[in-house]
Amino acid sequence: MSRKPVVLVTGANGEVGHGLINALADEARYEVLALDLREVDPGLAKRCAATIAGDILDGHLLDRIASEYEIHAVFHLAALLSTRAEFVPETAHAVNVEGTLKLLKLAMDEGRSHGQPVKFMFPSSIAVYGLPDLAAKAAAGAVTETEWTTPRTMYGCNKLYCEQLGRYYADFYRQLAVNEARGQVDFRAIRFPGLISAFTVPSGGTSDYVPEMLHAAAKGEPYACFVRPDTRITFMAMPDAIDALLKLTRAPAEKLSRRVYNIGAFNPSAGEFADLVRRHFPGAEIGFAPHEQRQAIVDSWPADVVDRAAREDWGHEPAYDLERAMTEYLIPNISKRYA
Ligand code: AKB
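Residues numbered from 1 in each chain as written. Predicted model: local features only at pLDDT ≥ 70, side-chain atom pairs only at ≥ 80, totals over all residues. Heavy atoms only, no water.

What the largest pocket holds in volume is close to 1,100 Å³. In terms of lining, the largest pocket is formed by 44 residues, of which the most central are G14, L77, A79, L81 and S203. Counted by class, the lining of the largest pocket contains 21 nonpolar, 16 polar and 7 charged residues. If you count residues domain by domain, the lining of the largest pocket takes at least three from each of domain 1 (4–193 + 236–262) and domain 2 (195–235 + 266–303 + 320–337). In this model, the second largest pocket occupies a volume close to 210 Å³. As for the second largest pocket, its lining consists of 13 residues, and the residues nearest its centre are H18, G19, N22, F199 and M238. Those elements that provide at least two residues to the lining of the second largest pocket are α1 (15–27) and α9 (238–250). For the lining of the second largest pocket, the leading source of residues is α1, giving 6 residues. Partitioning the lining of the second largest pocket into residue classes produces 6 nonpolar, 5 polar and 2 charged. Two domains each provide a minimum of three residues to the lining of the second largest pocket, namely domain 1 (4–193 + 236–262) and domain 2 (195–235 + 266–303 + 320–337). (1 Å grid on protein atoms, 1.4 Å probe; cavity = no way out; pocket = protein on both sides within 12 Å on 5 of 7 lines; lining within 4 Å. Points joined across faces, edges and corners; volume = space filled by probe spheres on them. Nonpolar A, V, L, I, M, F, W, Y, C, P; charged D, E, K, R; others polar. Domains from an automatic or database assignment. Helix = DSSP H or I, 4+ residues; strand = E, 2+ residues; numbered from the N terminus.)

If you want it as C-alpha coordinates, here you go:
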(Lines give C-alpha, C1' and ligand atoms only; values in the text may rest on other atoms or scores of the structure.)
Protein backbone atom coordinates (compact mmCIF):
# COMPACT_ATOMS: atom_id res chain seq x y z
CA MET A 1 0.00 0.00 0.00
CA SER A 2 1.85 3.15 -1.18
CA ARG A 3 1.76 6.45 0.69
CA LYS A 4 1.18 9.72 -1.18
CA PRO A 5 4.48 11.54 -1.87
CA VAL A 6 4.27 15.13 -0.56
CA VAL A 7 6.21 18.07 0.75
CA LEU A 8 5.08 19.15 4.19
CA VAL A 9 4.59 22.86 4.90
CA THR A 10 4.06 23.79 8.55
CA GLY A 11 2.79 27.23 9.54
CA ALA A 12 0.87 27.21 6.26
CA ASN A 13 -1.36 30.17 7.16
CA GLY A 14 1.61 32.44 7.89
CA GLU A 15 3.00 35.15 5.65
CA VAL A 16 5.74 32.97 4.17
CA GLY A 17 3.32 30.04 4.02
CA HIS A 18 0.97 31.97 1.75
CA GLY A 19 3.74 32.90 -0.65
CA LEU A 20 5.44 29.51 -0.56
CA ILE A 21 2.35 27.35 -1.09
CA ASN A 22 1.28 29.43 -4.06
CA ALA A 23 4.78 29.21 -5.53
CA LEU A 24 4.97 25.43 -4.95
CA ALA A 25 1.55 24.96 -6.51
CA ASP A 26 2.54 27.11 -9.52
CA GLU A 27 5.73 25.05 -9.93
CA ALA A 28 3.67 21.85 -9.66
CA ARG A 29 6.76 19.76 -8.86
CA TYR A 30 5.48 18.63 -5.49
CA GLU A 31 2.11 17.81 -3.93
CA VAL A 32 1.72 20.00 -0.85
CA LEU A 33 0.53 18.82 2.55
CA ALA A 34 -0.26 22.01 4.50
CA LEU A 35 -0.31 21.94 8.31
CA ASP A 36 -1.33 24.80 10.57
CA LEU A 37 -2.71 25.23 14.06
CA ARG A 38 -5.85 26.71 12.46
CA GLU A 39 -7.81 25.51 9.45
CA VAL A 40 -5.74 26.32 6.36
CA ASP A 41 -7.13 29.36 4.52
CA PRO A 42 -9.52 28.20 1.76
CA GLY A 43 -7.56 30.09 -0.90
CA LEU A 44 -4.48 28.07 0.03
CA ALA A 45 -6.26 24.79 0.71
CA LYS A 46 -7.45 24.55 -2.88
CA ARG A 47 -3.79 24.58 -3.99
CA CYS A 48 -2.79 21.74 -1.68
CA ALA A 49 -3.13 17.96 -1.97
CA ALA A 50 -4.35 17.98 1.63
CA THR A 51 -4.51 20.24 4.67
CA ILE A 52 -4.44 19.44 8.36
CA ALA A 53 -5.37 21.66 11.32
CA GLY A 54 -3.18 20.49 14.17
CA ASP A 55 -0.25 21.11 16.48
CA ILE A 56 3.33 20.26 15.46
CA LEU A 57 3.84 19.26 19.12
CA ASP A 58 1.24 16.49 18.76
CA GLY A 59 3.33 13.34 18.26
CA HIS A 60 0.25 11.26 17.43
CA LEU A 61 -0.64 13.69 14.65
CA LEU A 62 2.88 13.45 13.19
CA ASP A 63 2.66 9.63 13.36
CA ARG A 64 -0.66 9.74 11.52
CA ILE A 65 0.85 11.99 8.87
CA ALA A 66 3.73 9.52 8.44
CA SER A 67 1.26 6.65 8.07
CA GLU A 68 -0.52 8.36 5.16
CA TYR A 69 2.15 10.44 3.43
CA GLU A 70 5.64 9.88 2.08
CA ILE A 71 7.46 13.08 2.98
CA HIS A 72 10.25 14.20 0.65
CA ALA A 73 10.77 17.73 1.94
CA VAL A 74 9.73 19.78 4.96
CA PHE A 75 9.28 23.55 4.86
CA HIS A 76 9.06 24.19 8.59
CA LEU A 77 7.57 27.69 8.89
CA ALA A 78 5.61 27.35 12.13
CA ALA A 79 7.02 29.59 14.89
CA LEU A 80 6.20 32.22 17.50
CA LEU A 81 7.97 35.37 16.29
CA SER A 82 10.20 37.67 18.34
CA THR A 83 7.67 40.00 19.98
CA ARG A 84 5.00 37.39 20.72
CA ALA A 85 7.63 35.00 22.08
CA GLU A 86 8.70 37.55 24.71
CA PHE A 87 5.26 37.34 26.36
CA VAL A 88 5.38 33.52 26.59
CA PRO A 89 9.07 32.53 26.33
CA GLU A 90 8.61 28.97 27.56
CA THR A 91 5.74 28.38 25.14
CA ALA A 92 7.88 29.86 22.37
CA HIS A 93 10.66 27.44 23.28
CA ALA A 94 8.21 24.53 23.16
CA VAL A 95 6.86 25.50 19.72
CA ASN A 96 10.06 26.83 18.18
CA VAL A 97 12.49 24.20 19.51
CA GLU A 98 10.53 21.11 20.61
CA GLY A 99 8.36 21.45 17.54
CA THR A 100 11.40 21.67 15.28
CA LEU A 101 12.96 18.66 17.03
CA LYS A 102 9.84 16.57 16.40
CA LEU A 103 9.82 17.53 12.74
CA LEU A 104 13.53 16.76 12.35
CA LYS A 105 12.85 13.31 13.83
CA LEU A 106 9.93 12.87 11.41
CA ALA A 107 12.22 13.83 8.52
CA MET A 108 14.89 11.41 9.75
CA ASP A 109 12.39 8.55 10.01
CA GLU A 110 10.99 9.37 6.58
CA GLY A 111 14.47 9.41 5.04
CA ARG A 112 15.14 5.98 6.53
CA SER A 113 11.72 4.77 5.39
CA HIS A 114 11.79 5.72 1.70
CA GLY A 115 15.55 5.78 1.35
CA GLN A 116 15.98 9.29 -0.08
CA PRO A 117 17.36 12.33 1.79
CA VAL A 118 14.56 14.58 3.09
CA LYS A 119 15.25 18.27 2.49
CA PHE A 120 14.49 20.21 5.67
CA MET A 121 14.11 23.88 4.83
CA PHE A 122 14.32 26.10 7.91
CA PRO A 123 13.53 29.83 8.07
CA SER A 124 16.03 31.27 10.50
CA SER A 125 16.28 34.98 11.09
CA ILE A 126 18.40 38.08 11.63
CA ALA A 127 17.11 37.67 15.19
CA VAL A 128 19.99 35.23 15.81
CA TYR A 129 22.29 38.28 15.90
CA GLY A 130 22.75 40.40 19.03
CA LEU A 131 24.69 43.67 18.83
CA PRO A 132 25.18 44.90 22.42
CA ASP A 133 24.63 48.63 21.69
CA LEU A 134 24.25 51.17 18.88
CA ALA A 135 27.98 51.91 18.76
CA ALA A 136 28.74 48.22 18.17
CA LYS A 137 25.91 48.04 15.60
CA ALA A 138 27.33 51.03 13.70
CA ALA A 139 30.87 49.63 13.85
CA ALA A 140 29.77 46.12 12.80
CA GLY A 141 28.04 47.31 9.60
CA ALA A 142 27.21 44.26 7.48
CA VAL A 143 27.68 41.09 9.55
CA THR A 144 28.72 37.66 8.29
CA GLU A 145 27.04 34.41 9.39
CA THR A 146 29.68 33.83 12.07
CA GLU A 147 29.67 37.25 13.77
CA TRP A 148 27.63 38.54 16.73
CA THR A 149 25.48 35.40 17.13
CA THR A 150 24.46 36.39 20.66
CA PRO A 151 20.67 36.86 20.41
CA ARG A 152 18.73 38.77 23.08
CA THR A 153 15.29 37.28 22.38
CA MET A 154 13.87 33.83 23.06
CA TYR A 155 12.96 33.64 19.37
CA GLY A 156 16.54 34.47 18.34
CA CYS A 157 17.91 31.87 20.78
CA ASN A 158 15.44 29.31 19.42
CA LYS A 159 16.38 29.98 15.80
CA LEU A 160 20.12 29.83 16.53
CA TYR A 161 19.78 26.55 18.43
CA CYS A 162 17.56 25.01 15.74
CA GLU A 163 20.22 25.85 13.15
CA GLN A 164 22.60 23.73 15.24
CA LEU A 165 19.98 20.99 15.72
CA GLY A 166 19.49 20.80 11.97
CA ARG A 167 23.23 20.53 11.37
CA TYR A 168 23.40 17.72 13.97
CA TYR A 169 20.55 15.75 12.38
CA ALA A 170 22.10 16.19 8.96
CA ASP A 171 25.70 15.37 9.83
CA PHE A 172 26.09 13.70 13.24
CA TYR A 173 22.83 12.04 14.23
CA ARG A 174 23.37 8.98 16.47
CA GLN A 175 27.04 9.07 15.52
CA LEU A 176 27.93 6.31 17.99
CA ALA A 177 25.25 3.90 16.78
CA VAL A 178 26.44 0.97 14.73
CA ASN A 179 25.38 1.12 11.04
CA GLU A 180 23.49 4.40 11.45
CA ALA A 181 22.90 5.59 7.88
CA ARG A 182 24.14 9.11 7.15
CA GLY A 183 22.49 11.84 5.14
CA GLN A 184 18.83 11.07 5.77
CA VAL A 185 18.13 14.76 6.47
CA ASP A 186 19.45 17.51 4.20
CA PHE A 187 19.05 20.56 6.46
CA ARG A 188 19.24 24.01 4.86
CA ALA A 189 18.45 27.36 6.50
CA ILE A 190 18.13 31.00 5.54
CA ARG A 191 18.41 33.86 8.04
CA PHE A 192 15.53 35.94 6.72
CA PRO A 193 15.44 39.73 7.19
CA GLY A 194 12.20 41.56 7.87
CA LEU A 195 9.74 40.54 5.13
CA ILE A 196 7.20 42.78 3.40
CA SER A 197 4.17 41.21 1.71
CA ALA A 198 1.52 43.00 -0.31
CA PHE A 199 -1.01 40.30 0.51
CA THR A 200 -0.62 39.64 4.23
CA VAL A 201 0.18 41.71 7.29
CA PRO A 202 2.59 40.19 9.85
CA SER A 203 1.78 39.64 13.48
CA GLY A 204 4.00 39.08 16.46
CA GLY A 205 7.25 40.22 14.90
CA THR A 206 9.50 43.11 15.85
CA SER A 207 10.36 43.98 12.26
CA ASP A 208 6.61 44.41 11.64
CA TYR A 209 6.82 48.23 11.76
CA VAL A 210 7.66 48.48 8.04
CA PRO A 211 4.78 46.34 6.67
CA GLU A 212 2.41 47.74 9.32
CA MET A 213 3.28 51.32 8.28
CA LEU A 214 2.68 50.58 4.59
CA HIS A 215 -0.61 48.73 5.06
CA ALA A 216 -1.91 51.41 7.44
CA ALA A 217 -1.14 54.13 4.87
CA ALA A 218 -2.91 52.14 2.15
CA LYS A 219 -5.97 51.84 4.39
CA GLY A 220 -5.87 55.55 5.18
CA GLU A 221 -5.23 54.82 8.84
CA PRO A 222 -2.78 56.75 11.04
CA TYR A 223 0.27 54.77 12.17
CA ALA A 224 2.52 55.28 15.21
CA CYS A 225 5.83 53.58 14.44
CA PHE A 226 7.21 51.78 17.49
CA VAL A 227 10.88 52.43 16.62
CA ARG A 228 12.89 55.62 16.12
CA PRO A 229 13.23 57.12 12.61
CA ASP A 230 16.97 56.28 12.54
CA THR A 231 16.37 52.56 13.15
CA ARG A 232 17.94 50.45 10.42
CA ILE A 233 17.75 46.70 9.71
CA THR A 234 17.50 44.55 6.58
CA PHE A 235 14.24 43.91 4.72
CA MET A 236 13.10 42.02 1.63
CA ALA A 237 10.03 41.82 -0.57
CA MET A 238 8.19 38.55 0.01
CA PRO A 239 8.57 37.29 -3.60
CA ASP A 240 12.36 37.44 -3.19
CA ALA A 241 12.15 35.55 0.10
CA ILE A 242 10.16 32.77 -1.56
CA ASP A 243 12.50 32.76 -4.55
CA ALA A 244 15.51 32.42 -2.23
CA LEU A 245 13.89 29.56 -0.31
CA LEU A 246 13.14 27.65 -3.51
CA LYS A 247 16.57 28.38 -5.01
CA LEU A 248 18.26 26.98 -1.89
CA THR A 249 15.90 23.98 -1.99
CA ARG A 250 16.87 23.22 -5.59
CA ALA A 251 20.62 23.81 -5.18
CA PRO A 252 22.77 20.66 -5.58
CA ALA A 253 24.19 19.68 -2.16
CA GLU A 254 27.73 19.73 -3.52
CA LYS A 255 27.38 23.44 -4.32
CA LEU A 256 26.66 24.39 -0.71
CA SER A 257 29.56 25.59 1.45
CA ARG A 258 27.37 25.90 4.53
CA ARG A 259 23.95 24.92 5.90
CA VAL A 260 22.89 28.39 7.11
CA TYR A 261 22.87 31.45 4.87
CA ASN A 262 22.39 35.21 5.23
CA ILE A 263 20.36 36.89 2.52
CA GLY A 264 19.80 40.61 2.02
CA ALA A 265 18.01 43.00 -0.33
CA PHE A 266 17.66 46.52 1.15
CA ASN A 267 17.94 48.24 4.53
CA PRO A 268 16.07 51.53 4.80
CA SER A 269 15.81 53.36 8.09
CA ALA A 270 12.29 53.62 9.48
CA GLY A 271 12.32 57.34 8.62
CA GLU A 272 13.48 56.71 5.05
CA PHE A 273 10.72 54.15 4.61
CA ALA A 274 8.15 56.56 6.03
CA ASP A 275 9.24 59.21 3.51
CA LEU A 276 8.82 56.67 0.69
CA VAL A 277 5.37 55.69 1.94
CA ARG A 278 4.33 59.36 2.09
CA ARG A 279 5.46 59.76 -1.53
CA HIS A 280 3.04 57.04 -2.58
CA PHE A 281 0.31 57.91 -0.06
CA PRO A 282 0.61 61.72 0.35
CA GLY A 283 -2.04 61.88 3.05
CA ALA A 284 -0.42 59.18 5.17
CA GLU A 285 -0.32 60.09 8.88
CA ILE A 286 2.89 58.45 10.13
CA GLY A 287 4.26 59.29 13.56
CA PHE A 288 7.02 57.84 15.72
CA ALA A 289 6.35 56.60 19.25
CA PRO A 290 9.28 54.31 20.10
CA HIS A 291 8.46 51.38 22.39
CA GLU A 292 11.53 51.09 24.60
CA GLN A 293 11.74 47.29 24.81
CA ARG A 294 10.85 46.58 21.17
CA GLN A 295 13.30 49.31 20.14
CA ALA A 296 16.06 47.58 22.10
CA ILE A 297 15.35 44.32 20.27
CA VAL A 298 15.59 45.94 16.83
CA ASP A 299 18.70 47.91 17.90
CA SER A 300 20.35 44.54 18.62
CA TRP A 301 19.81 43.35 15.03
CA PRO A 302 22.40 44.25 12.39
CA ALA A 303 21.96 47.19 10.02
CA ASP A 304 23.09 44.95 7.16
CA VAL A 305 24.32 41.44 6.40
CA VAL A 306 26.96 39.91 4.13
CA ASP A 307 25.20 37.46 1.79
CA ARG A 308 28.18 36.59 -0.43
CA ALA A 309 27.91 32.86 0.30
CA ALA A 310 24.24 32.75 -0.77
CA ARG A 311 25.06 34.61 -3.98
CA GLU A 312 28.05 32.42 -4.82
CA ASP A 313 26.69 29.02 -3.73
CA TRP A 314 23.11 29.12 -5.06
CA GLY A 315 22.63 32.36 -6.97
CA HIS A 316 20.76 34.53 -4.49
CA GLU A 317 19.88 37.67 -6.41
CA PRO A 318 16.90 39.70 -5.17
CA ALA A 319 14.74 41.02 -8.02
CA TYR A 320 13.48 43.92 -5.91
CA ASP A 321 15.45 46.80 -4.51
CA LEU A 322 13.36 49.09 -2.31
CA GLU A 323 12.24 51.44 -5.08
CA ARG A 324 11.23 48.61 -7.41
CA ALA A 325 9.57 46.69 -4.56
CA MET A 326 7.36 49.69 -3.89
CA THR A 327 6.49 50.62 -7.48
CA GLU A 328 6.18 47.15 -9.06
CA TYR A 329 5.05 44.86 -6.22
CA LEU A 330 3.82 46.56 -3.07
CA ILE A 331 1.90 49.68 -4.16
CA PRO A 332 -0.02 48.12 -7.08
CA ASN A 333 -1.10 45.06 -5.10
CA ILE A 334 -1.77 46.79 -1.78
CA SER A 335 -3.79 49.54 -3.50
CA LYS A 336 -5.92 46.85 -5.17
CA ARG A 337 -6.33 45.01 -1.88
CA TYR A 338 -7.71 48.07 -0.07
CA ALA A 339 -9.43 49.72 -3.03
C1 AKB B 1 10.39 39.08 13.65
O2 AKB B 1 10.30 40.31 13.60
O3 AKB B 1 10.39 38.43 14.68
C4 AKB B 1 10.59 38.35 12.33
C5 AKB B 1 12.03 38.20 12.06
C6 AKB B 1 12.87 39.37 11.77
O7 AKB B 1 12.52 37.08 12.06
N8 AKB B 1 9.94 39.10 11.27
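Size of an interface: often given as the accessible area lost when the parts come together. When cut into domains, the protein chain gives domain 1 (4–193 + 236–262) and domain 2 (195–235 + 266–303 + 320–337). A separation of 26 Å is found between the C-alpha centroids of domain 1 and domain 2. Across the boundary between the two partners, domain 1 contributes 27 residues, which contact 28 residues of domain 2. Both sides of the domain 1 and domain 2 interface together cover about 2,400 Å² of buried area, and 61% of this is carbon and sulfur. The three residues of domain 1 that bury the most area against domain 2 are E15, K137 and M236, which together make up 25% of that side's buried surface. Our count for the domain 1 to domain 2 interface comes out at 0 salt bridges. The interface formed by domain 1 and domain 2 contains 15 residue pairs in polar contact (both at pLDDT 80 or more). Secondary structure elements with two or more residues in the side of domain 1 that touches domain 2: α1, α4 (82–87), α6 (134–140), β10 (235–237) and α9. Along the lines of polarity and charge, the residues of the side of domain 1 that touches domain 2 split into 15 nonpolar, 6 polar and 6 charged. (Contact = heavy atoms within 4.5 Å. Buried area = accessible area lost by both parts, 1.4 Å probe. Salt bridge = Lys/Arg side-chain N within 4 Å of Asp/Glu carboxyl O. Polar contact = N/O pair within 3.5 Å; in protein donor to acceptor, adjacent residues only side chain to side chain.)

Taken as a whole, this structure holds 10 aromatic pairs when the rule is applied. The interplanar angle of 90° and the centroid separation of 5.7 Å between the aromatic rings of Y209 and F235 together place this pair among those described as edge-to-face. Here F235 lies in strand β10 and Y209 lies in helix α8 (residues 209–219), a separation of 26 residues in the sequence. You can call F235 buried: its relative accessible area is 0%. Between the aromatic rings of Y261 and W314, the centroid separation amounts to 5.6 Å while the plane-to-plane angle is 90°, which identifies the pairing as edge-to-face. (Phe/Tyr/Trp six-rings, centres within 6.5 Å; stacked < 30°, edge-to-face > 60°. Buried < 20%, exposed > 50% of the residue type's maximum accessible area, 1.4 Å probe, protein only.)

A few words on the site of the ligand. With respect to spatial proximity, the complete set of residues near the ligand consists of L81, S82, S125, I126, Y155, G205, T206, S207 and W301. For the ligand, an oxygen atom lies 2.8 Å from a polar atom in the side chain of Y155. S207 places a polar main-chain atom, nitrogen or oxygen, 2.9 Å from an oxygen atom of the ligand. Contact with the protein chains hides 92% of the accessible area of the ligand, taken as 250 Å² for the molecule alone. Among the cavities detected, the one that contains the ligand is the largest pocket. (Near = heavy atom within 4 Å. Areas by Shrake-Rupley, 256 points an atom, 1.4 Å probe, with all protein chains shown as cover. Sits in = over half its atoms within 2 Å of the grid points.)

The next thing to look at is the pairing of strand β5 (residues 118–125). A large share of β5 lies buried, amounting to 7 of its 8 residues. Judged from the 3 bridges that link them, strand β4 (residues 69–76) and β5 form a sheet pairing that is parallel. Counterpart to F75 in the pairing with β5 is M121. Two strands pair when backbone bridges link them, and β5 and strand β7 (residues 185–192) are joined in this way by 8 bridges, in the parallel orientation. Paired with S125 across the strands is F192, a residue of β7. (Pairing = 2+ DSSP bridges.)

For the rest of this paragraph, the subject is the pattern of salt bridges. Enumeration according to the criterion identifies 22 salt bridges in this entry. D109 is the salt-bridge partner of R112, the closest N and O atoms lying 3.4 Å from each other. One end of the pair is R112 and the other is D109, both in helix α5 (residues 89–114) and 3 residues apart, which spans about a single turn. Using a relative accessible area of 35% as the deciding quantity, one classes R112 as partly exposed. On the basis of relative accessibility, which here comes to 30%, the residue D109 falls in the partly exposed class. One salt bridge connects R311 with E317, and the closest N-O pair in it is separated by 3.4 Å. Residue classification places E317 among the partly exposed positions, given a relative accessible area of 49%. Salt bridges sharing partners connect three or more residues here, namely K105, D109, R112, R174 and E180.

Structurally, T234 is set in the loop between β9 (223–225) and β10. Filtering out sequence-adjacent residues up to four positions away, T234 remains in contact with I126, P193, G194, F266, N267, P302, A303, D304 and V305.

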